[in-house]
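Working through the structure, step by step
Listed below, chain by chain, are the residues.
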Amino acid sequence: MNTTTHVIGYRTLTAVWLGLMALTALTVWVSRHSLGIGHVWGSLAIAALKGGLVIAFFMHMRYEGRLLRGLLFVTLVTLACFIGLTFFDVLYR
Amino acid sequence: MNPAENMLPAGKGGFWIDTGKTGIASWIFSTDHKRIGLLYFWSVFGFFLVGVLLGLLIRIELMAPGRTIMGPQTYNALFTVHGVVMVFLFIIPGFQGSFGNLVMPIQIGSRDVAFPRLNLFSWWLYIAGAAIILTSLFTGGGPPDTGWTFYLPFSERTGTNVSLAVFGVFIVGFSSILTGVNFVTTIHRLRAEGMTWGRLPLFVWSLYATAWVQILATPILGITLVLIIAERLLGTGLFDPARGGDPLMYQHLFWIYSHPAVYIMILPAMGVVTEIIPVFSRKPIFGYRMIAFSSLAIAAAGSLVWGHHMFTSGMSDTAILVFSFLTFVVAIPSAIKVFNWVSTLYRGSISLEAPMLFALSFILLFSIGGLTGLILGAAATDIHVHDTHFVVGHFHYVIFGGSGFAFFGAMHYWLPKFYGRRYAEKPAILGWGLMFVGFNILYFTMMVLGMEGMPRRYYDYLPEFARLNFVSTMGSWILAVGLAILLVNLFRGLRSGEPVGNNPWGGATLEWSIPTPPPTENFAKEPVVTHGPYDFRGAGIP
């Protein structure tokens, strides 16, 4: 079993944190402006980007092997299916 | 039983005594997977008995029109608590926690699970969640009356103690997620040398598929329950159309978890049946790869069909079409399993002992439950029987006739291995027979009532439904008598019955190759696996 750990520098972590704060501000901005169909998709895109940053850096997935990346991929595809299937109702109601 | 095995010394040994630790602390703080498995078993089984009692009371109330033994508010609370206890405290944690813990590490040739302390923590979370749920019954506004689905807007408005109950379920959900993580890691990392994926016992495959459902779907239940609490305490309006919310979104979120949860309940049961049938047919399993594949396929496809619970809710027609199609897709891997079990039985030397009788009844009752599920999965027919007793009958055929009967089969198949003693065969068969007859009278009658239009969850009903409701209640009493005979015989046997040897059934999986009861470390030296789990040559068939 691989027991090595990867240390991420404070500069990188701070940059990611600032990125997350900026994206949070963007989420609030999007929620207060009417963008039509882009309203939902924009919010989802921002949320996905924020989640991606957390997973890649704070959860160290960027430095993990293929098995864990594969397992994460299965998880994300499942989540995408859950959200996607819900849209068959929301978009066509 | 092999006569030579009768010569073995009676009584407990192995993990019961070899650590030298006794007393309650040696159990509730133990990290041994077998002790944790038995902790889970007795916990979930205790809640099962509570659920049975509540179910019997519900049936007595419905025995005749009008008030029989309770008022409408008590009735509403009773069917809610019956559902919550049976679903969240018995059958969801039941197989993984008890028989998964007891058997899976041994079946893969491991000394324990990957994270033994996390395993113990899972049980403690389960107990904490259960304690909170029980507390909710006797505090605040009294037991919840929403049904186990906690549908909004009613669960936001009712004065009963919904917030505390859903918080308890939230905690139990964490226990389930941690067990799932533990099992996936264990099956990936702790298999013995030679235990390839193609040699994994099919019970382990079913636990693996189930563990993924636990990991992927349970967090959504957690979020949903938090949102109920937020609605009640903060008035967020997420599901209130007057404030821009969407009540159907609650149903989506709830069923995104709760339909896959049905597969958390049934997949390990299928795994149990897949272990029992080849052993009692004296034949290798038919279609090993397809059964393993179908476990994964059921887990995957079953996670995408939740919308069939919402056909009459006002959901879009497009969604109804899509979810109806996906629902029919799940029937394919389920049928693969049934055909493979029947093919295994074909020309086998079938031995009709108690575990096998439960496995065979599983095939019949699950098939009835599955086929009536197609009636509910087709939107056109679902509209007629939605929210009727037909749904109650269908659900119990799948979960009680399927998972429940498999649970009893597992109890008779594996518990003697861990207790070192076994039950008497004739009373077990009598108990099974009464249960089988009572079960069908109880639940088939419910499906007929549903077809005739009797709604579910109603306290009272029209006079034309009286006769069949009376018959259904009689069925519940026959079932209860059978259950009592079965359990008294089993537990008396485990306490003072005939001693069993290492391999009383002639199984070929690894748990039958080690002493009875197993030692704490399971294996004296790490096993090297050289044959498949259903290769009975040299397995000591009695």
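Owing to the predicted nature of the structure, the values given are computational and were not obtained by experimental measurement.

**Quick notes on the overall build of chain B**
Tallying secondary structure elements over chain B gives 16 helices and two strands in all. Its C-alpha atoms give chain B a radius of gyration of 23 Å, near enough to 24 Å, the size a compact globule of 542 residues would have. A buried classification covers 54% of the 542 residues belonging to chain B. By sequence separation, contacts in chain B at least 24 residues apart represent 85% of the contacts at least 6 residues apart.

**Looking at the overall build of chain A**
Within chain A, the regular secondary structure consists of three helices and zero strands. In sequence order, chain A lays out its α and β elements as α-α-α. Seen along its three principal axes, the alpha-carbon backbone of chain A occupies a region of about 50 × 30 × 10 Å. The proportion of buried residues among the 93 residues of chain A is 3%.

**A closer look at the environment of Pro144 of chain B**
Residues and elements named next belong to chain B. Inspection of the secondary structure assignment puts Pro144 in the loop between helix H5 (116–138) and helix H6 (154–157). Linking Pro144 and Val81, residues 63 residues apart in sequence, is a C-alpha distance of 7.3 Å. Filtering out sequence-adjacent residues up to four positions away, Pro144 remains in contact with Ala77, Thr80, Ser136, Thr160, Asn161, Val162 and Ala165.

**Some thoughts on the interface of chain B and chain A**
Chain B puts 12 residues into the contact, and the matching count from chain A is 11 residues. Here the side of chain B that touches chain A is composed, by residue class, of seven nonpolar, four polar and one charged.

**Describing the UniProt feature "domain: Cytochrome oxidase subunit I profile" (unreviewed entry) in chain B**
Here, the residues flagged by UniProt with the feature "domain: Cytochrome oxidase subunit I profile" (unreviewed entry) are residues 27–530 of chain B. Here residues 27–530 of chain B runs as 70% helix and 1% strand, with 34 Å between its end C-alpha atoms.

**Structural notes on the environment of His60 of chain A**
Residues and elements named next belong to chain A. Here His60 is to be found in the loop between helix H2 (38–58) and helix H3 (66–90). With 14 C-beta atoms counted inside 10 Å, the residue His60 sits in the partly exposed group. For the pair His60 and Val7, spaced 53 residues apart in the sequence, the C-alpha separation amounts to 9.1 Å.

**Describing the UniProt feature "transmembrane region" (unreviewed entry) in chain A**
Residue and element names in this part refer to chain A. The UniProt feature table records "transmembrane region" (unreviewed entry) at residues 12–31, 37–59 and 71–92. Across residues 37–59, the secondary structure splits into 91% helix and 0% strand, with the terminal C-alpha atoms separated by 32 Å. Secondary structure content for residues 71–92 is 91% helix and 0% strand, and the end C-alpha separation is 32 Å.

**Quick word on the environment of Phe390 of chain B**
Residue and element names in this part refer to chain B. One can find Phe390 in helix H14 (residues 389–419). A count of 26 C-beta atoms within 10 Å places Phe390 in the buried class. Remark: the alpha-carbon pair of Phe390 and Met454, spanning 64 residues in sequence, is separated by 8.4 Å. Setting aside chain neighbours within four positions, we find Phe390 in contact with Val385, Met447, Gly450 and Met451.

**Some points on H2 of chain A**
Taking 1.5 Å of rise per residue, the 21 residues of H2 of chain A would be expected to cover 30 Å, and the 29 Å separating its terminal C-alpha atoms lies within 8% of that figure. Looking at the residues trailing H2 of chain A, positive phi occurs at His60 of chain A, about 65°.

**What to know about the packing of helix H7 (residues 162–189) of chain B against helix H8 (residues 202–234) of chain B**
Residue and element names in this part refer to chain B. One can describe the packing of H7 onto H8 by two numbers: an axis separation of 8 Å at closest approach and a directional angle of 155°. Overall, the two elements H7 and H8 adopt an arrangement that is roughly antiparallel. Note that H7 runs across H8; the crossing there is left-handed. Here the contact of H7 with H8 is built from residues that sort into 23 nonpolar, eight polar and one charged.

**Some thoughts on helix H15 (residues 425–451) of chain B**
The end-to-end C-alpha separation of H15 of chain B is 39 Å, in line with the 39 Å expected for 27 residues at 1.5 Å each. Backbone geometry just downstream of H15 of chain B places Gly453 of chain B in the positive-phi region, at approximately 105°.

**Re the nonpolar core**
All names here are of chain B. In terms of nonpolar packing, the biggest core is built from 159 residues, with Val204, Ala269, Val273, Ile276, Phe358, Phe362 and Ala406 touching the most fellow members. The leading source of residues in this core is helix H9 (residues 247–281), at 22 residues. Sequence-distant contacts of Phe358, defined by excluding residues within four places in its chain, comprise Phe405, Ala406, Phe408, Gly409, His412 and Trp432.

**Overview of unusual backbone geometry**
Residue and element names in this part refer to chain B. Omega for the peptide link from Leu152 to Pro153 comes to 5°, which places this bond in the cis form. Tracing the backbone through its elements, the reader meets Pro153 in the loop between H5 and H6. If you check the backbone angles, Arg282 has positive phi at about 55° while not being a glycine. In this fold, Arg282 is placed in the loop between H9 and helix H10 (288–302). Residue Arg457 is not a glycine yet carries a positive backbone phi of 65°. Using a count of 13 C-beta atoms within 10 Å as the deciding quantity, one classes Arg457 as partly exposed.

**What to know about the packing of H9 of chain B against H14 of chain B**
Residue and element names in this part refer to chain B. Relative orientation of the contacting elements H9 and H14 amounts to 45°, with a least axis distance of 9 Å. Relative to H14, the element H9 lies oblique. When the axes of H9 and H14 are compared, the crossing they make is left-handed. Packed against H9, whose contacting residues are Met265, Ile266, Ala269, Val272, Val273 and Ile276, the element H14 presents Val398, Ile399, Gly402, Ser403, Ala406, Phe407, Gly409, Ala410 and Tyr413 at the interface.

**What about the confidence of the model for chain A?**
Residue-level pLDDT values for chain A average 87, and 95% of them are 70 or greater. Taken element by element, the predicted model of chain A shows its lowest mean pLDDT in H3 of chain A (89) and its highest in helix H1 (residues 10–31) of chain A (93).

Conventions adopted
Residues numbered from 1 in each chain as written. Chains lettered and ligands numbered in written order. Predicted model: local features only at pLDDT ≥ 70, side-chain atom pairs only at ≥ 80, totals over all residues. Helix = DSSP H or I, 4+ residues; strand = E, 2+ residues; numbered from the N terminus. Rg over C-alpha atoms; globule rule 2.2 N^0.38 Å. Buried ≥ 20, exposed ≤ 12 C-beta atoms within 10 Å, placed from the backbone. Contact = placed C-beta atoms within 7 Å. Nonpolar A, V, L, I, M, F, W, Y, C, P; charged D, E, K, R; others polar. UniProt positions renumbered as here; feature names shortened; annotations may be inferred. Expected span 1.5 Å × (residues − 1). Axes fitted to C-alpha atoms, helices over the stretch in contact; angles between N-to-C directions. Parallel < 35°, antiparallel > 145°, perpendicular 65-115°, else oblique. Left-handed = near helix turned anticlockwise from the far one by under 90°. Core = buried A, V, L, I, M, F, W, Y, C linked by C-beta atoms within 7 Å. pLDDT = per-residue confidence, 0-100.

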